[in-house]
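# Structural description and commentary
Residues per chain are reported as follows:
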Amino acid sequence: MILVTGASGFVGQKIMQMCADTIACPSLRGLSEAEIRRIVAESGVDTIIHTAAISDIGTCQANPEASYIANVQIPLYLAKAAKDIKLVCFSSDQVYSGLEDEGPYSEEKVKPANLYAAHKLEMEQQVLEIAPDAVILRAQWMYDYYLKKSNYFMNILNAKESVAYSSRQYRGITYVKEVAENMKKVVQLSGGVYNFGSETNRSMYEITRGFLEAIGKKLILEDSPPRHNLWTNCAKARGCGVTFSCVEDGLKSCAKDYGLL
């Protein structure tokens, strides 16, 4: 049985829909360590998948204390409560946001460039100190046909006249359905940090041009100034059987699932 935190959120909701033997964790916001221990103990689960977080970079920057509680303290309480329970925590590819080389980045070299990323990296390190068998997933920007959260797929669908992406920016973006499909394999991984998501060797400009052509949407595609790369090498997870479509095929798969192809 799997306890899913953030079960009504973007990622947690999809895991609840697609994975068997899941139960929704009540909100952990504002709870003490003892209260979280009690919830975990009474759940009777053998696995926890922790998706809950404050993931908006601007919100974290504006409210550091709330970011620390949500993104560091609560995962640490879960790690202490887990004991013999397998713990999977979602982290972020933002931990690479301050690196100056182009990538793709493997798990060993990190440099956060914002408070959210710094808190996620602190979470990773402290959780693994407490629970060395925990699995940390450095997830990419995820998308779906989803109205409650801004994401790449919806940004393209909702664009009216033009979109702008850089021909010098590389990053992985991932269909959240494939994230949920991989959970069965994820819970079998050895403890440690894993880059997690779709891979590509094409720029965001090239990816967008191909996706617009695939769905037949006529937009002006502008080549914007480059941003930092969040281009990850997922060979470690892939070598353990955790596989994703490439970015381009993942977008087409999502479009097909919603009748756009």
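Described in the following lines is the structure provided in the data block. Note that the structure is predicted; figures quoted are calculated from it, not measured.

### Digging into the overall build of the protein
Helix and strand counts for the protein stand at 11 helices and 10 strands. Taken over the C-alpha trace, the protein has a radius of gyration of 18 Å; the compact-globule value for 261 residues is 18 Å, and the two agree within 12%. Referenced to the eigenvectors of the C-alpha coordinate spread, the extents of the protein come out at roughly 55 × 40 × 35 Å. Out of the 261 residues in the protein, the part that is buried amounts to 51%. Accessible surface for the protein amounts to roughly 12100 Å². Of this, 48% is attributable to carbon and sulfur atoms. Measuring between centres, the 28 positive side-chain charges of the protein sit 3 Å from its 30 negative side-chain charges.

### Observations regarding a nonpolar patch on the surface
A contiguous nonpolar surface patch, about 400 Å² in accessible area, is contributed by Tyr-145, Leu-147, Tyr-258 and Leu-260. Inspection of the secondary structure assignment puts Tyr-258 in the segment after α11 (247-257). For Tyr-258, a relative accessible area of 32% gives the class partly exposed.

### A look at the packing of aromatic side chains
Summed over all chains, the structure comprises 12 aromatic pairs. Both rings, one in Tyr-96 and one in Tyr-105, keep their centres 5.4 Å apart while their planes meet at 25°; by these two values the pair is stacked. This pair shows no difference in class: Tyr-96 is buried, exactly as Tyr-105 is. Look at Tyr-170 and Trp-231: their rings are 4.7 Å apart centre to centre, the planes differ by 25°, and that puts the pair in the stacked class. Of this pair, Tyr-170 sits in the loop between β7 (162-165) and β8 (173-175) while Trp-231 is found in the loop between β10 (220-223) and α10 (235-238), placing the two residues 61 residues apart along the sequence. Clustering of aromatic rings is evident, with ring pairs tying together Trp-141, Tyr-143, Tyr-152, Phe-153, Tyr-165, Tyr-175 and Phe-211. The lysine or arginine in question, Lys-236, covers the ring of Tyr-194, its NZ or CZ lying 4.6 Å from the ring centre.

### Concerning the environment of Asp-21
Its place among the elements puts Asp-21 in the loop between α1 (10-18) and β2 (22-24). Between the alpha carbons of Asp-21 and Asp-144 there is a distance of 23 Å; along the sequence they are 123 residues apart.

### A closer look at the packing of helix α9 (residues 204-215) against α11
For the pair α9 and α11, interaxial distance at closest approach is 10 Å and the crossing angle is 30°. The orientation of α9 with respect to α11, classified from their angle, is roughly parallel. For α9 against α11, the interelement crossing comes out right-handed. For the pair formed by α9 and α11, the contact residues are Ile-207, Phe-211, Ala-214 and Ile-215 on the first element and Val-247, Glu-248, Leu-251, Lys-252 and Ala-255 on the second. Of the residues contributing to the contact of α9 with α11, the split by class is seven nonpolar, no polar and two charged.

Conventions and cut-offs
- Residues numbered from 1 in each chain as written.
- Predicted model: local features only at pLDDT ≥ 70, side-chain atom pairs only at ≥ 80, totals over all residues.
- Heavy atoms only, no water.
- Helix = DSSP H or I, 4+ residues; strand = E, 2+ residues; numbered from the N terminus.
- Rg over C-alpha atoms; globule rule 2.2 N^0.38 Å.
- Buried < 20%, exposed > 50% of the residue type's maximum accessible area, 1.4 Å probe, protein only.
- Areas by Shrake-Rupley, 256 points an atom, 1.4 Å probe, with all protein chains shown as cover.
- Lys, Arg positive; Asp, Glu negative; His and termini not counted.
- Charge placed at Lys NZ, Arg CZ, Asp CG, Glu CD.
- Patch = residues over 30% accessible without salt bridge, like charges linked within 9 Å, V, L, I, M, F, W, Y side chains within 5 Å.
- Salt bridge = Lys/Arg side-chain N within 4 Å of Asp/Glu carboxyl O.
- Phe/Tyr/Trp six-rings, centres within 6.5 Å; stacked < 30°, edge-to-face > 60°.
- Lys NZ or Arg CZ within 6 Å of the ring centre and 35° of its normal.
- Axes fitted to C-alpha atoms, helices over the stretch in contact; angles between N-to-C directions.
- Parallel < 35°, antiparallel > 145°, perpendicular 65-115°, else oblique.
- Left-handed = near helix turned anticlockwise from the far one by under 90°.
- Contact = heavy atoms within 4.5 Å.
- Nonpolar A, V, L, I, M, F, W, Y, C, P; charged D, E, K, R; others polar.

Everything listed here is a matter of geometry and, on its own, says nothing about what the molecule does.
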